[in-house]
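Coordinate inspection notes
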Amino acid sequence: MKKKNLTVNINFDYKSLISGAIDRRILRESIVKSSAILLISAPSGFGKTFLLAGYLNDTNPDFIYYELSGADSHLINFLSSLINGCELNTEISGEINNTIQKNKLKLSKYSKESYSLLQNILTELISESSKEVFIIENCDYIKSELWFKHFLKIIAELSLKNKKFIFTGIDIPTGLFLYPVSKGVFTELRKDKFDLTIEEIKNFAYKLYNLKINDSECLVIKDITSGWITGLHLIFHNYEQGLKSVKRNHISLLNEYFREEIISSYDNVTTELLCKSSFLDEINESHSLLLNSKKDIPEIFKSLSAKNPFIYFNSATNSYYFNKTFKTFLQSELKNYLTSKNYKIFIDAIANYHLQNKSYTKSLELFILNGNTKSAVNIISSISLELFRNNDFYIVNNWFALIKTSNIKIEKELLYIKALLYKNYFQNYDYSISLFKDFIKNASNNDLKKYKAIAHIAEIFLNINDFKSAISILKKSLSHCPEKYKPFILFRLHSVNYKLNDYSKCKVLLSEALENINRQKSLSPEFHSLKMNIINATGNICLLNGELNDSLVYYKKVLDSSENEYNKTQTLLNICEVYSKSGNFIEALKIINELKTIEKLFLIPELKAQINNSEINVCYESGDYKKMNSLISSNDNSDNSEFQIIKAKSQFILSDYDKVKSIIKNINPESNSSLKIQLTIINSLLQKNFKQLKTNINNLDTLNNPLLKIEFLSLIVFYFIRQNNKKLYSQFLDELKQLNKKYNYENILVNLLKANIEVYDKIILDEIDEVYFREIYHNIKINDELFSDVFVKYFGVPEIYVRGNLIPDNLWKRNKFKEIFFYLFFNLNKRVTKDEILERFYPEADKNYGDNIFHQFLSAMRNVLSYNIKNKNTEFIKYSNKIFEPDKYYLFNSDAEILKQLIERKNISIPENYLKENYSEPFMKNYFDDFAETNREYLQSLIEKINSGR
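Quantities reported herein were computed from a predicted structural model and do not represent experimental measurements.

Cut-offs applied
- Residues numbered from 1 in each chain as written.
- Predicted model: local features only at pLDDT ≥ 70, side-chain atom pairs only at ≥ 80, totals over all residues.
- Heavy atoms only, no water.
- Helix = DSSP H or I, 4+ residues; strand = E, 2+ residues; numbered from the N terminus.
- Buried < 20%, exposed > 50% of the residue type's maximum accessible area, 1.4 Å probe, protein only.
- Contact = heavy atoms within 4.5 Å.
- Areas by Shrake-Rupley, 256 points an atom, 1.4 Å probe, with all protein chains shown as cover.
- Core = buried A, V, L, I, M, F, W, Y, C linked by side-chain atoms within 4.5 Å.
- Patch = residues over 30% accessible without salt bridge, like charges linked within 9 Å, V, L, I, M, F, W, Y side chains within 5 Å.
- Salt bridge = Lys/Arg side-chain N within 4 Å of Asp/Glu carboxyl O.
- Lys, Arg positive; Asp, Glu negative; His and termini not counted.
- Charge placed at Lys NZ, Arg CZ, Asp CG, Glu CD.
- Pairing = 2+ DSSP bridges.
- Axes fitted to C-alpha atoms, helices over the stretch in contact; angles between N-to-C directions.
- Phe/Tyr/Trp six-rings, centres within 6.5 Å; stacked < 30°, edge-to-face > 60°.
- Parallel < 35°, antiparallel > 145°, perpendicular 65-115°, else oblique.
- Left-handed = near helix turned anticlockwise from the far one by under 90°.
- Expected span 1.5 Å × (residues − 1).
- Nonpolar A, V, L, I, M, F, W, Y, C, P; charged D, E, K, R; others polar.

Structural notes on the overall build of the chain
Summing up its helical and strand segments, the chain has 49 helices and 13 strands in all. Going through the 950 residues of the chain one by one, you find that 49% of them count as buried. For the chain, restricting intrachain contacts to residue pairs at least 6 apart in sequence, the fraction spanning at least 24 positions comes to 65%. Here the chain has roughly 47,600 Å² of accessible surface; of this, 47% comes from carbon and sulfur atoms.

Here is the structure:
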């Protein structure tokens, strides 16, 4: 496999012919300048190997050359050959080979473990190898193997500063290299890069036709160029690429060459077979009966390709292919071998064959070539909607370019599809309305699409905020619409009222539409899809009304009944929003993370944006502003006003008002009424225009979105608490409490409390409705068990954290005091007394010494628990009447407490390695009094209980 020198041994004058007529210097320089990973993809004989030989001769690197065969589709074979080529020292190559042999079974399966294993093998292999260039030829053999995708991802992740990987193949899809592309380490040379200049074509052709070579020499050249005799494909490839610039007589000469030098040497049966074959992309055994009743067609093509430079064999797919120019010529010749009737029958048969194989454009072109307009129209009308869903609208647009305008006006189905195209994708609303109206004129009253067209026109009016026209056309239609089609009109009427924020009217319209559908005995796919949309829309209304549980019920109905992956994804994102608004961030992020693993969803721009937007909203709701800002910055629409208002609100929560001002000055709400109102509220606060504030907050009622109002009331209340404006915070707090009592939406309040804990101290000390805020503050622990005012880490060497800050040991003055605190904190729920502490830790002390040492401990503990606390009157653990008692307004936790709660939870699986990562050290390491010893044994028994499967 390894070669010190890669050469292309071309005999006779052929080598001088190439070097004299074709200059590959630019391509060789492209390889030198290319990224760490390079793909050279072109048909056999285009000069890939010849090019690489020139590049290696110019640069003289230390390289390996690996020419793949069918056996290399097995990863073990591939790795073994790669190891040999890397020329590692015996010890290292032996270790890697042993690893591969021991893990053959794991490497044959594709899991995270096998990926990690392959990653380790390749990292060591490539880093230890002295080779600078790794050339892997004929990748068609391995391009469909999943391990090859992993191989590409792994080498893309490595630091390849002095390494270059070069892959070659006949037809390697760029999509395989998606990860290297995203990492910026990928370059590509495809067949168009091998094109010749007009001057090179002339020189090459002149020398070629004057070259005297015999039959045996032809065979040698044929072998070297993988079946393409003398590289003629280079000439014709360039004719093919530049037909517009090539003179007409050149095309005539080329066709004459085909006719005289190639076709004339075959009998009529073989020529007819060739001409018929030209209407297929590839020719293999499965296509034989379609072309000819003969069983030996593969043998015929094998014979033809041996002596014809324009028919070549791809061993990776076991198929024969035509040069495009030769293919065009053969198609034009077919009429000479078939009667007019038989020609039409044959072309229709081939068109239907392509249709069955979902090659819609080819099928359409053939039907149009054959004058079969009806079949062409059927393709457009039946396939277009599916393509629209996949965002492939440009394909449909190209189809319309093939159809005569006169035919489009006659065929109403085409009018409808084209109107959709111009409405949804080109947003040419005037032309779209004109097309829809032409369709409606020709449609019968019992045609569903007639009412869908009316709904589309109404949607256009809706998009340009002409609500009056939208309502008018829908109500007019409703008066004469057949009963069974009314749900489509009612659903669109709901859309108009939704835009007008009239959600109560929306519910009535949706309910009427759903009742109508439920009365129908059987539902077509269109009606079933509409039913799902109605149920989903009802869920949306419930969500906006703050009816979170009801919205979840509707969404889950859609999820259970929907078969469309696009609709399922959107419904899952709706469910994700409900979970997020409810504070169930674990489930919300679980949905997002699962959707992010489905690569094909990210190929649809709309879904990709929706998934990203959902993740941004969950980060905002959960208070993860760092990740939220990162997602917004990396998003394609980072200047989107909706994102910017979220950033502004997050900075308001963090009390960074200067940043809020900086963000909102660049927000343009345009016609978005929600953004306008939100901006006016924020500006009222920043400008201290409190008289206008009440009016602005009441404007939120026009949006019928109580959760949004709760969000802003929360921001306002905290703002006035910070400003010590008792009158205003009391006024807005009463309204906030009433709304929150009804809707139970506390995410923003929780985030405000977490981000402004000193404000919570102020609430408690100033008795600002402290019971209400205490309940919300304690809810933080439900979603974030590590959040606490005082947290003790018992396992390992114990540590104490006050509001996330580690307490330095020297604050205790005495080590014994720290130990007393651990005992006190561990038994807080038991209300430890002064006497209990003195008896346990100072059993022989007299009363005077006991009182003195106890008050020293009390002073040290108060000093520790006020560490970094702005308001020094804050007291987490109170001492009165000789009893210690935790302040009920604050949160206390420890890793030991979390472990005990973990044990008590039923049917909750503990993540792998969780215990090892968190509880591997003993309880209170280096502490050996009876309290520590007793709990060490008890907690160790709990850990063993979990490890043994409970």
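Side note on the nonpolar core
Of all hydrophobic cores here, the largest spans 142 residues; its most connected members are Phe 773, Trp 812, Phe 821, Phe 857, Met 861, Ile 877 and Phe 884. Among the elements that line this core, the one with the most residues is helix H39 (residues 706–722), at 12 residues. Ignoring sequence-local partners within four residues, the contact set of Phe 821 consists of Val 790, Val 792, Ile 800, Trp 812, Phe 857, Met 861, Leu 865 and Ile 877. Counting residues in hydrophobic clusters, the runner-up holds 96 residues, among them Ile 454, Ile 489, Leu 530 and Val 558.

Quick look at a negative patch on the surface
Taken together, the side chains of Glu 91, Glu 95, Glu 124 and Glu 128 make up a negatively charged region of the molecular surface. Broken down by secondary-structure element, the contributors of at least two residues to the negative patch are helix H5 (90–102) and helix H7 (112–128). Note that Glu 95 resides in helix H5. Glu 95 sits in the partly exposed class, given a relative accessible area of 42%.

Structural notes on the sheet that holds strand E8 (residues 790–793)
The 4 strands are arranged E10-E9-E8-E13 in an open sheet whose pairing can be described as mixed. Among the strands making up the open sheet, the edge pair consists of strand E10 (805–806) and strand E13 (892–894). With 3 bridges joining them, E8 and E13 adopt parallel strand pairing. Looking across to E13, one finds that Phe 791 is bridged to Asn 893.

Points about the side chain of Glu 819
Of note, Glu 819 is situated in helix H44 (residues 815–826). At 4.9 Å, Lys 816 is the nearest oppositely charged side chain to Glu 819, a buried residue that forms no salt bridge. Apart from residues no more than four positions distant in its own chain, Glu 819 is found in contact with Phe 841, Tyr 927 and Asp 929.

With respect to the sheet that holds strand E1 (residues 37–41)
The strand order across the open sheet built from 5 strands is E2-E3-E4-E1-E5, with neighbouring strands paired in parallel fashion. Only two strands of the sheet have a single neighbouring strand rather than two, namely strand E2 (63–67) and strand E5 (186–190). When strand polarity is set aside, the average angle formed by the axes of neighbouring strands in this sheet is 15°. Bridge analysis of E1 against E5 gives 5 bridges, and the strand direction is parallel. Note that in E5 the partner of Ile 37 across the bridge is Phe 186.

What about the packing of aromatic side chains?
Per the stated rule, a full pass over the model turns up 65 aromatic pairs. For the pair Tyr 620 and Tyr 625, a centre-to-centre distance of 6.3 Å together with 45° between the ring planes defines the contact as tilted. Residue Tyr 625 is classed as buried on the basis of its relative accessible area of 7%. Taken together, a centroid distance of 6.2 Å and an interplanar angle of 65° make the contact between Phe 825 and Phe 892 edge-to-face. Placement of Phe 825 in helix H44 and of Phe 892 in strand E13 is noted, with a sequence separation of 67 residues between them. Judged by its relative accessible area of 17%, Phe 892 falls in the buried class.

Description of the packing of helix H37 (residues 673–686) against helix H38 (residues 690–699)
Remark: H37 packs on H38, axes separated minimally by 9 Å, with the N-to-C direction vectors making an angle of 160°. As judged from the angle between their axes, H37 and H38 are roughly antiparallel. Considering only the axes of H37 and H38, their crossing is left-handed. Together, Ile 677, Thr 680, Ile 681, Ser 684 and Leu 685 of H37 and Phe 690, Gln 692, Leu 693, Asn 696, Ile 697 and Asn 699 of H38 make up the contact between the two elements.

Focus on the environment of Ser 582
Structurally, Ser 582 is set in the loop between helix H31 (565–581) and helix H32 (585–596). Among the residues examined, Ser 582 registers a relative accessible area of 45% and is labelled partly exposed. Not counting residues within four places of it along the chain, the set of residues in contact with Ser 582 comprises Leu 548 and Asn 747.

Notes on unusual backbone geometry
One non-glycine residue, Asn 60, lies in the positive phi region at around 50°. Residue placement: Asn 60 occurs in the loop between helix H3 (48–59) and E2.

A word on the environment of Leu 330
With respect to the helices and strands, Leu 330 occurs in helix H17 (residues 324–333). Judged by its relative accessible area of 0%, Leu 330 is buried. Sequence spacing of Leu 330 and Cys 275 is 55 residues, and the spatial spacing of their C-alpha atoms is 4.8 Å. If we ignore the near neighbours within four places in the chain, the residues touching Leu 330 are Ile 263, Leu 274, Cys 275, Ser 278 and Phe 322.

Looking at helix H27 (residues 486–499)
Taking 1.5 Å per residue as the helical rise, H27 with its 14 residues ought to reach 20 Å, and the 20 Å between its terminal C-alpha atoms agrees with that figure. For H27, a buried count of 11 out of 14 residues is recorded, marking the element as mostly surrounded by other parts of the structure. Looking at the buried side of H27, the elements it contacts are helix H25 (448–463), helix H26 (467–480), helix H28 (503–519) and helix H29 (525–544). Backbone geometry just downstream of H27 places Asn 501 in the positive-phi region, at approximately 65°.

What to know about the packing of helix H20 (residues 373–389) against helix H23 (residues 412–424)
Their axes nearest at 9 Å, the elements H20 and H23 cross at an angle of 25°. In terms of axis orientation, H20 runs roughly parallel to H23. Crossing geometry of H20 relative to H23 is assigned as left-handed. Where H20 abuts H23, its residues Val 377, Ile 380, Ser 381, Ser 384, Leu 385 and Phe 388 lie against Glu 413, Leu 414, Ile 417, Leu 420 and Leu 421. Residues of the contact of H20 with H23, tallied by class, amount to 8 nonpolar, 2 polar and 1 charged.

Describing the pattern of salt bridges
A complete count under the given rule lists 41 salt bridges for this structure. Here Lys 449 and Glu 413 are joined by a salt bridge, their closest N and O atoms 3.7 Å apart. Taken together, the positions of Lys 449 in helix H25 and Glu 413 in helix H23 put the pair 36 residues apart, joining distant regions of the chain. Accessibility expressed as a relative area gives 21% for Lys 449, which makes it partly exposed. Take Glu 413: its relative accessible area is 24%, and that puts it in the partly exposed class. For Lys 581, the salt bridge is made with Glu 621, and the minimal N-O distance between the two is 2.9 Å. A residue pair is termed long-range when its members are at least 10 positions apart, and Lys 581 in helix H31 and Glu 621 in helix H33 (residues 605–622) qualify at 40 residues. Residue Lys 581 is classed as buried on the basis of its relative accessible area, which comes to 15%. Three or more residues joined by partner-sharing salt bridges are found here, namely Lys 694, Asp 701, Lys 709 and Glu 735.

Some remarks on helix H8 (residues 146–157)
End to end, H8 covers 17 Å across 12 residues, agreeing with the expected 16 Å (1.5 Å per residue, within 8%). Within H8, the full set of buried residues consists of Trp 147, Phe 148, His 150, Phe 151, Leu 152, Ile 154, Ile 155 and Ala 156.

So, the pairing of E2
Judged by how many residues are buried, E2 sits mostly within the fold: 4 of 5 residues are covered. Note: E2 against strand E3 (residues 133–137), 5 bridges, orientation parallel. In the sheet register, Tyr 65 faces E3, and the bridge partner there is Ile 135.

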